[in-house]
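Descriptive analysis of the structure
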Amino acid sequence: MSDATASAPAHSILQKFQLTGKKALVTGSATGLGAAIAIALAEAGAAVACHGNRRAAKETADTINSAGGQAFAFSADLSHTASAQVLVDHAVEALGQIDILVNNAGMITRHEAVEFPLDDWATVLQVNLTSVFQLSQLAGKAMIERGVGKIINIASLLSFQGGIRVPAYAASKGGVAQLTKALANEWAPRGVQVNAIAPGYMRTENTSALQADETRNRQILERIPTGRWGEPEDLAAAAVFLASPASNYITGAVLNVDGGWLAR
Ligand code: NAD
């Protein structure tokens, strides 16, 4: 807890950002943005189930635990439809319940649209969109029963733009934005807020090739009004807000954390 938070009076606005006692599941939190989100939720007081794909998100959980937080690590391949239930069961077993679900896991494959393999299409749609729906259903059901809960989906600039050579990714992330609104409409009266965050160009391993390409890096920076790549912490701060009671009147929103890219 920061000094500012520790000294804040009980009625302070900062109290509304507290996640003390909350239980969160963050998918894809072995690396990149998901790891930053899991650590930030833990810093705000939540216990976190950290999920990795092939290997459990042990490093992220270790970081949280060694800083005095509470975290558990799990693995599940969300390209298999059966994995969502297994993951939620494991998280609930460890945490007791899921108050905050962050659907961050995602993948991208690149091919010309005309020859895009249908297998790749199915896998990207399963990981990026169908598993988001499955996990939201599974965790959302118990949230609805309790009358309180937060779901945060990680969308993309390609929820709005088409991209090139990434038709499955663009379709899946467009779907994530629409699914966010669809769930928000049904679940708002039941106390569950469903929102999305659309990251812009973020400085992660995932974008290291782009960062290293001098021409692309320059073109990207010229197009971002803020003039820099986004840091994982930029995204994590938005996730803490959308996970907390401070955002209780916000649902069905897609929050762009893109340095102004989409405003241009
Ligand atoms: P990343 O590759 O570090 O993280 C993606 C995570 O998804 C990994 O931890 C991986 O384990 C998980 N994942 C991938 N395939 C999976 C599968 N089959 N089953 C289970 N988990 C799987 O990349 P990142 O940049 O941190 O991306 C996180 C999210 O943010 C993704 O949804 C991505 O589409 C989105 N995003 C990232 C950027 C960016 O600039 N980095 C921009 C827009 C959107």
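Right, let's walk through the structure included here. (Residues numbered from 1 in each chain as written. Predicted model: local features only at pLDDT ≥ 70, side-chain atom pairs only at ≥ 80, totals over all residues. Heavy atoms only, no water.)

1. What to know about the overall build of the chain
Scanning the chain from terminus to terminus reveals 9 helices and 7 strands. Its C-alpha atoms give the chain a radius of gyration of 18 Å, near enough to 18 Å, the size a compact globule of 264 residues would have. Dimensions of the chain, computed from C-alpha atoms along their principal axes, come out at roughly 55 × 40 × 35 Å. Expressed as a percentage of its 264 residues, the buried residues of the chain come to 46%. If you take every contact in the chain between residues at least 6 apart in sequence, the share linking residues at least 24 apart comes to 67%. Accessible surface computed for the chain: about 12700 Å², of which carbon and sulfur atoms make up 53%. Positive and negative side-chain charges of the chain, numbering 20 and 22 respectively, have mean locations separated by a distance of 6 Å. (Helix = DSSP H or I, 4+ residues; strand = E, 2+ residues; numbered from the N terminus. Rg over C-alpha atoms; globule rule 2.2 N^0.38 Å. Buried < 20%, exposed > 50% of the residue type's maximum accessible area, 1.4 Å probe, protein only. Contact = heavy atoms within 4.5 Å. Areas by Shrake-Rupley, 256 points an atom, 1.4 Å probe, with all protein chains shown as cover. Lys, Arg positive; Asp, Glu negative; His and termini not counted. Charge placed at Lys NZ, Arg CZ, Asp CG, Glu CD.)

2. Re the pattern of salt bridges
Counting across every chain of the model gives 7 salt bridges. A salt bridge links K141 to E145, with the nearest nitrogen and oxygen atoms 3.8 Å apart. Taken together, the residues span about one helical turn, with K141 and E145 both in helix α5 (residues 118–146) at a distance of 4 residues. Look at K141 and you get exposed, because its relative accessible area is 55%. With a closest N to O distance of 2.9 Å, E231 and R203 form a salt bridge. Separated by 28 residues along the polypeptide, E231 in the loop between α8 (214–223) and α9 (232–243) and R203 in the loop between β6 (192–199) and α7 (208–212) bring together distant segments of the chain. For E231, a relative accessible area of 26% translates into the label partly exposed. Take R203: its relative accessible area is 37%, and that puts it in the partly exposed class. (Salt bridge = Lys/Arg side-chain N within 4 Å of Asp/Glu carboxyl O.)

3. Some thoughts on a nonpolar patch on the surface
A contiguous nonpolar patch, built from I13, L14 and F17 and spanning about 260 Å² of accessible area, is present on the exposed surface. As for its position among the elements, I13 is in the loop between α1 (3–6) and β1 (23–26). Since its relative accessible area comes to 56%, I13 is described here as exposed. (Patch = residues over 30% accessible without salt bridge, like charges linked within 9 Å, V, L, I, M, F, W, Y side chains within 5 Å.)

4. Structural notes on the site of the ligand
Near the ligand, the surroundings consist of 25 residues, among which T31, L33, L78, N104 and Y169 are the closest. For the ligand, an oxygen atom lies 3.1 Å from a polar atom in the backbone of G106. N206 is positioned with one of its side-chain polar atoms (N or O) 3.1 Å from an oxygen atom of the ligand. Here the ligand has 800 Å² of accessible area as a free molecule, and 89% of this is covered by the chains. For the shell around the ligand, the secondary-structure elements that each account for two or more residues are α2 (32–43) and α6 (167–187). A per-class count over the shell around the ligand returns 10 nonpolar, 13 polar and 2 charged. (Near = heavy atom within 4 Å. Polar contact = N/O pair within 3.5 Å; in protein donor to acceptor, adjacent residues only side chain to side chain. Nonpolar A, V, L, I, M, F, W, Y, C, P; charged D, E, K, R; others polar.)

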